[in-house]
Amino acid sequence: MSRVKKATNALKFRRTLLKKTKGYRHGRSTKERMAWDAYVHAGKYSFAHRKDKKGDYRALWNIRINAATRPLGLSYSKFIHALKVKGITIDRKILATLAKDEPKTFERVVSQVK
């Protein structure tokens, strides 16, 4: 069997990898082995953190809703339970946006629930 050298493919791989890791610190942007390791880890972190971001936003929405319902005489959990009992289907993202940007509208939603 004939010997195959990787010349062109190896150069292309190295060039594209180093383009992807441009801006990384120290040898991670210039040395192929370190760059590959950094690139793989960055991919794993970006995948995991895309999933985590959804939970982070949900927690933020819960905090905003709780902060807006406390002065109106309800806690977050009682408010959400009352929404479900009344059959009002507004998701937490919309409720948090109303609480932050449209407090009067949010007060009307809370008054319907009470």
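Everything here concerns the structure above.
Everything quoted here is computed from the prediction, not taken from an experiment.

A. Fine view of the overall build of the protein. A tally of regular secondary structure across the protein gives 5 helices and 0 strands. Put simply, the protein runs from its N terminus to its C terminus through helices and strands in the order α-α-α-α-α. Whereas a compact globule of 114 residues would reach a radius of gyration of roughly 13 Å, the protein reaches 26 Å, over 25% beyond that. Counting all 114 residues of the protein, 22% fall into the buried class.

B. Structural context of the nonpolar core. Ile65, Phe79, Ile80, Leu83, Leu95 and Phe106 are the most contacted members of the largest nonpolar core, which totals 16 residues. With 5 residues, the top contributor of residues to this core is helix H3 (residues 76-86). Ignoring anything within four residues of it in the chain, the contact list for Leu95 reads Ile65, Phe79, Ile80, Leu83, Ile90, Phe106 and Val109.

C. Local environment of helix H5 (residues 103-113). Taken together, the buried positions of H5 are Phe106, Val109, Val110 and Val113. The buried residues of H5 all sit within an arc of 95 degrees when viewed along its axis, so they share a single face. Away from the buried face of H5 by more than 90 degrees, exposed residues Lys104, Arg108 and Gln112 are located. In this fold, the buried residues of H5 make contact with helix H2 (32-69), H3 and helix H4 (92-101).

D. Up close: the side chain of Ser75. Note that Ser75 resides in the loop between H2 and H3. Within polar-contact distance, the side chain of Ser75 engages the backbone nitrogen of Lys78 at 3.4 Å. Setting aside residues no more than four positions away along its own chain, Ser75 makes contact with Asn66, Thr69 and Arg70.

E. Local environment of the packing of aromatic side chains. The full count for this structure, using the stated rule, is 4 aromatic pairs. Relative to Phe106, the ring of Phe79 lies with its centre 5.7 Å away and its plane at 55 degrees, an arrangement referred to as tilted. Note that Phe79 is positioned in helix H3 and Phe106 in helix H5, a separation of 27 residues in sequence. Among the aromatic residues, those joined into a cluster by ring pairs are Phe13, Trp36 and Tyr39.

F. The arrangement of the pattern of salt bridges in detail. One pass over the structure, following the stated rule, counts 1 salt bridge. Two residues, Glu32 and Arg14, come together in a salt bridge whose shortest N-O distance is 2.8 Å. Note that Glu32 is positioned in helix H2 and Arg14 in helix H1 (residues 7-20), a separation of 18 residues in sequence. With a relative accessible area of 30%, Glu32 lands in the partly exposed category. On the basis of relative accessible area, Arg14 is assigned to the partly exposed category, the value being 31%.

What counts, and at which threshold
- In every chain, residue numbers begin from 1 and rise along the written sequence.
- Note on the predicted model: pLDDT of at least 70 is required for a residue's local features to be given, and 80 or more for side-chain atom pairs to be given and counted; whole-chain, interface and lining totals, by contrast, use all residues.
- Heavy atoms throughout the structure, all of them, feed into the side-chain values; hydrogens and water do not.
- Working definition: helices are DSSP H or I runs of at least four residues, strands are E runs of at least two. Numbering for both runs from the N terminus.
- With the radius of gyration taken over C-alpha atoms, the globule rule is written as 2.2 Å times the number of residues to the power 0.38.
- When a residue's accessible area, from a 1.4 Å probe over protein chains only, is under 20% of the maximum for its type it is buried; when over 50% it is exposed; and in between it is partly exposed.
- Take the buried Ala, Val, Leu, Ile, Met, Phe, Trp, Tyr and Cys residues and link them wherever side-chain atoms come within 4.5 Å; each set so joined is a nonpolar core.
- The contact criterion used throughout is that any non-hydrogen atoms of two residues lie within 4.5 Å.
- As used here, the arc belongs to the directions running from the helix axis to the C-beta atoms.
- In protein, a polar contact requires one atom able to donate a hydrogen and another able to accept it; more generally it is a pair of N or O atoms within 3.5 Å, and residues adjacent in sequence count only if both atoms are side-chain atoms.
- Stacked, tilted and edge-to-face pairs are distinguished by plane angle, under 30 degrees for stacked and over 60 for edge-to-face with tilted covering the rest, among Phe, Tyr and Trp rings (Trp via its six-membered ring) whose centres lie within 6.5 Å.
- Salt bridges are counted wherever a side-chain nitrogen of Lys or Arg sits within 4 Å of a carboxyl oxygen of Asp or Glu.

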